[in-house]
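As a plain string of letters, each chain reads:
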Amino acid sequence: MNPDLVLVVGDMFVPSRSPDIPEQFKSILIPNKLQHVLSLGNIGSVESYDWLKSLSNDFHCVKGDYDEADYPEKKVVQIGEFKIGMIHGHQILPWGNLDALASVQRELGCDILLSGHTHMFDLKNKDGKFYLNPGSISGSFSSVSPSPSPSFILMVLMGEEATIYVYALNESKKGKFEVSKLEFTKGANEFKKVEEEEEAEGEAEGEAQPEGEAQPEVPADTAPAETPAEGADIAKPTEGQA
């Protein structure tokens, strides 16, 4: 069984709020090295949409509150054993509220619900279902967070096991990004944070591929020279507005 490597991005807002995503991210996100790309809306332009779509032959997108294109409001994608729901998140009131998210999860019947809108990473668990927010890949501002850290998620799905790598740029450390590693099993009532903290050079050459058993086959020119750091401490966000 081969694992699926899934890129999850949200609230790009390029170029309306940010000129581009960080070069440290862009240099490791190379077309056709990922099996799936999931965008949670507020992309920003046709050019940004085309760039995201170029990263994988399996691209899915939902509509954000600032998107003018006719994307679906909600979507469900089956990847391996996981049924993954997608929604931008502006429909959730209060924003990021777990009970409101759980209502959408039940409607969609998914194992993992992806949502954005807050521009900040989050992972929650409720009744054996998981709720992921990748934050803003460009670090675009929101009304409650004027300068969030740019972040995105790589999910490695194999059977009923999920490993989540959260890439977040740490601008105070001169071009380095931090990577948190979390694991969970489909239907479980908890997730596990793996190891503590390490840093990765954002502009090094290498492979955008998490270390571990049964790694996806990603050519060696798409990630940091060092293995992505595992267990970096990323602060849990508060609820907020895009």
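Keep in mind it's a predicted model, so treat the numbers as computed, not measured. (Residues numbered from 1 in each chain as written. Predicted model: local features only at pLDDT ≥ 70, side-chain atom pairs only at ≥ 80, totals over all residues. Heavy atoms only, no water.)

1. Topic: the overall build of the protein
Link 1 in the chain: On a plain count of helices and strands, the protein comes out with three helices and 13 strands.
Link 2 in the chain: Partitioning the contacts of the protein with sequence separation of at least 6, the portion at a separation of at least 24 is 60%.
Link 3 in the chain: Accessible surface, the protein as shown: approximately 10,500 Å² in total, 46% of it carbon and sulfur. (Helix = DSSP H or I, 4+ residues; strand = E, 2+ residues; numbered from the N terminus. Contact = heavy atoms within 4.5 Å. Areas by Shrake-Rupley, 256 points an atom, 1.4 Å probe, with all protein chains shown as cover.)

2. Observations concerning the packing of aromatic side chains
Link 1 in the chain: Under the defined criterion, the tally for this structure stands at nine aromatic pairs.
Link 2 in the chain: Taking 5.4 Å as the distance between ring centres and 45° as the angle between the ring planes, the aromatic pair formed by Y167 and F177 counts as tilted. A residue pair is termed long-range when its members are at least 10 positions apart, and Y167 in strand 10 (residues 161–170) and F177 in strand 11 (residues 176–185) qualify at ten residues. In this structure, Y167 and F177 share a single accessibility class: buried.
Link 3 in the chain: One Lys or Arg, R17, reaches over the ring of F13 and ends 4.0 Å from the middle of that ring. (Phe/Tyr/Trp six-rings, centres within 6.5 Å; stacked < 30°, edge-to-face > 60°. Buried < 20%, exposed > 50% of the residue type's maximum accessible area, 1.4 Å probe, protein only. Lys NZ or Arg CZ within 6 Å of the ring centre and 35° of its normal.)

3. Remarks on the side chain of H88
Link 1 in the chain: On the secondary structure map, H88 appears in the loop between strand 5 (82–87) and helix 3 (98–108).
Link 2 in the chain: A relative accessible area of 0% means that H88 is categorised as buried.
Link 3 in the chain: A distance of 3.4 Å separates a polar atom in the side chain of H88 from a polar atom in the side chain of D65.
Link 4 in the chain: For H88, the residues in contact, after removing those within four places along its chain, are D11, L40, G41, N42, V62, K63, G64, D65, E73, S115, G116 and H117. (Polar contact = N/O pair within 3.5 Å; in protein donor to acceptor, adjacent residues only side chain to side chain.)

4. Examining the nonpolar core
Link 1 in the chain: Membership of the largest hydrophobic core comes to 28 residues, with the highest contact counts inside it found for L7, L29, F152 and Y167.
Link 2 in the chain: Elements with a contribution of two residues or more to this core: strand 1 (4–9), helix 2 (46–54), strand 3 (59–61), strand 9 (151–158), strand 10 and strand 11.
Link 3 in the chain: Core analysis: the second largest hydrophobic core is formed by 24 residues, L40, L123, L157 and F184 among them. (Core = buried A, V, L, I, M, F, W, Y, C linked by side-chain atoms within 4.5 Å.)

5. Remarks on the pairing of strand 4 (residues 74–79)
Link 1 in the chain: Where strand 4 lies against strand 5, six bridges are found, and the strand directions are antiparallel. The partner of Q78 across the bridge, within strand 5, is K83. (Pairing = 2+ DSSP bridges.)

6. Some details on the environment of M12
Link 1 in the chain: The topology assignment puts M12 in the loop between strand 1 and helix 1 (23–26).
Link 2 in the chain: By relative accessible area, M12 is classed as buried at 3%.
Link 3 in the chain: Each C-alpha atom, one on M12 and one on S48, is 8.2 Å from the other, the two residues being 36 residues apart in sequence.
Link 4 in the chain: Once you skip the residues sitting within four places of it in the chain, M12 turns out to touch S18, I21, G41, N42, I43, S48, W51, L52, I137, S138 and S140.

7. Side note on helix 2
Because each turn of an α-helix spans 3.6 residues, side chains separated by three or four positions in sequence point in the same direction.
Link 1 in the chain: When helix 2 is considered as a whole, its buried residues turn out to be S48, Y49, W51 and L52. Take helix 2 and look down its axis: the buried residues cluster within an arc of 160°, on one side only. Structural note: helix 2 exposes V46 and E47 on the side pointing more than 90 degrees away from its buried face. (Arc of directions from axis to C-beta.)

None of the figures reported here should be taken as evidence of function without further support.
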